[in-house]
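If you want the building blocks of each chain, they are given just below.
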Amino acid sequence: MSELKKIKSALISVFHKERLDEIVAQLNKLGVTMYSTGGTKDFIEGLGLKVKTVEELTSYPSILGGRVKTLHPKVFGGILARRENSNDIEQMVQYEIPEIDLVIVDLYPFENTVASGASHAEIIEKIDIGGISLIRAAAKNFKDVIIVPSQNEYDSLLELLKQKSGSSEIADREEFARKAFAVSSHYDSAIFNYFSKDNDDMFRASFNESKVMRYGENPHQRGVFYGKLDALFDKLNGKEISYNNLLDIDAAINLIDEFEETTFAILKHNNACGCASREKLADAWREALAGDPVSAFGGILVTNAKVDAETAAEIHKLFFEVIIAPAYDNDALEILKSKKNRIVLLRKETMLPGTQFRSVLNGVLMQDKDIKQETAEELQPVTKIAPDSNVVDDLLFANKLVKQSKSNTIVLAKNKQLLASGVGETSRVDALKHAIEKAESFGFDLKGAVMSSDAFFPFSDCVEIAYKAGIESVIQPGGSIRDQDSVDFCNDHNMIMVFTGTRHFKH
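These lines cover the structure that appears in this document, whether it is placed above or below. (Residues numbered from 1 in each chain as written. Predicted model: local features only at pLDDT ≥ 70, side-chain atom pairs only at ≥ 80, totals over all residues. Heavy atoms only, no water.)

**What about the nonpolar core?**
A general trend in soluble globular proteins is that nonpolar side chains are found buried together. Within the largest apolar cluster, 53 residues are counted, with the highest numbers of intra-cluster contacts made by Ile-12, Leu-27, Ile-79, Leu-102, Val-103, Ile-104 and Ile-147. If one sorts the elements of this core by residue count, helix 10 (residues 170-195) sits on top with eight residues. Leave out the neighbours within four places in its chain, and Ile-147 touches Val-103, Val-105, Leu-134, Ile-135, Ala-138, Ala-139, Phe-176, Ala-177 and Ala-180. By size, the runner-up hydrophobic cluster in this structure holds 37 residues, among which are Leu-229, Ile-253, Leu-396 and Ala-398. (Core = buried A, V, L, I, M, F, W, Y, C linked by side-chain atoms within 4.5 Å. Buried < 20%, exposed > 50% of the residue type's maximum accessible area, 1.4 Å probe, protein only. Helix = DSSP H or I, 4+ residues; strand = E, 2+ residues; numbered from the N terminus. Contact = heavy atoms within 4.5 Å.)

Okay, here's the thing in structure tokens:
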């Protein structure tokens, strides 16, 4: 038999009616017999078009408060019948089952109902049964049937109706089926995750939106982002965002969300190379840049304050890939957009997920996001000398940075400015030495600086090295069996040390 199929009959049962008028008008123009239910039938009749009720076809009314409308052999037989199978055709004749060539359906808004804060009973009622069954049946029989599982496919259907006069090839129908199974699997995943929010024995994640990257981490790798970037940012200027841009943007957002006071940060390869908190944004930028003006070249800039013209003029002097801010002055935007490839992102107020997952070996690792933020009240002074309020501010500032840097990491800071960090080192001692060398290479005086570590010190060697460099205060999780060695050294040399009780590894 020919793979070319012409639509002669359609079953239409939709929750949302937007653009349905255009669809049914085209079907009517092509002489397609339409079957429908409830509100959809009323909508089509309201357009002055002929439509048959599903009740006429099945001889059964909608029952159980609308829970059962289309679940009937005369409906599913017409969808699932194999047109090339003589036994199927004989049974259709015997039981007076009409062929159904097109199914247009959408699903109850389960995810939106959950997001609205509805009651458990209301959420359960939004688990679609008939619609999901129609989608699966029509998609399974794509050799003979077209399935339109959501409004997202209306454009494709209209193109087929207008340009091919309602005829379709097997490739057309198979593509509709592919999209249909994406809809059904996503819907089932949402329901599963609702019921499994307190269980970790199985894992499901589903994203309907995708964006193909120019390439992955390197040009020889393929890269795709799955998710809704538009929900997080408005892109005001610049070239296409790359795979590596997204990794840095993610790191930048996680870092800036640690701060409440006006802060500017510069990131490179997911780590901060500059960061400062100041009352005035332009000052925060200058101090952040001073932390490492070399690494800042080609970096990712992020702030939690509105970018004004003065700050934009200073930023404009540097080549950078991306800037992220919650707002921009018009004059600032004019300056920043003068470079056509420069990516300018306006951040929206959107809640980010509280969990993280990544592929590992032949599976997935999932964990709660590290949202723990230490406070001044939680710090545990363990030395004879306790920190004053200014030192506490610097300790907490450094601890926010160390939390969002790759392990092993050491951060050096003073006056709420990142002086230097050693990140991604296999040895904590090497991380500290790297940080000291870097700070000194940019002319920073480490006398009075603070040191933060993402994990405990197994020996006292790090505090000894820090003391020789002029560092006077230390913040670390504590928890080593040799903690006392580090505490004793600090006491003997009039240093300050506080424990947080919380490790912040980041790999």
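Now that the structure has been shown, we can carry on.
**Here we look at the pairing of strand 23 (residues 496-499)**
The side-chain alternation of strand 23 yields two buried faces, one formed by Ile-496 and Val-498 and the other by Met-497 and Phe-499. One ladder, built from two bridges, connects strand 18 (residues 380-381) with strand 23; its direction is antiparallel. When the sheet's bridge partners are listed, Gln-380 is paired in strand 23 with Phe-499. Taken together, the four bridges between strand 22 (residues 473-476) and strand 23 define a ladder with parallel strand orientation. Its bridge partner lying in strand 23, Gln-476 is registered against Phe-499. (Pairing = 2+ DSSP bridges.)

**Examining a nonpolar patch on the surface**
On the surface, Phe-203, Phe-207, Tyr-226, Phe-357, Val-364 and Met-366 cluster together into a nonpolar patch covering about 590 Å² of accessible area. Note on placement: Phe-203 falls in the loop between helix 10 and strand 8 (210-212). (Patch = residues over 30% accessible without salt bridge, like charges linked within 9 Å, V, L, I, M, F, W, Y side chains within 5 Å. Areas by Shrake-Rupley, 256 points an atom, 1.4 Å probe, with all protein chains shown as cover. Salt bridge = Lys/Arg side-chain N within 4 Å of Asp/Glu carboxyl O.)

**Some words on the pattern of salt bridges**
If you walk through the whole model with that rule in mind, you get 29 salt bridges. Of the charged contacts in the structure, one is a salt bridge between Lys-143 and Glu-84, with a shortest N-O distance of 3.7 Å. Of this pair, Lys-143 sits in the loop between helix 8 (130-140) and strand 6 (146-148) while Glu-84 sits in the loop between helix 4 (73-80) and helix 5 (86-94), and the two are 59 residues apart along the sequence. With a shortest N-O distance of 3.1 Å, Arg-286 and Glu-310 are connected by a salt bridge. Here Arg-286 is found in helix 12 (residues 281-291), whereas its partner Glu-310 is found in helix 13 (residues 309-315), with 24 residues between them in sequence.

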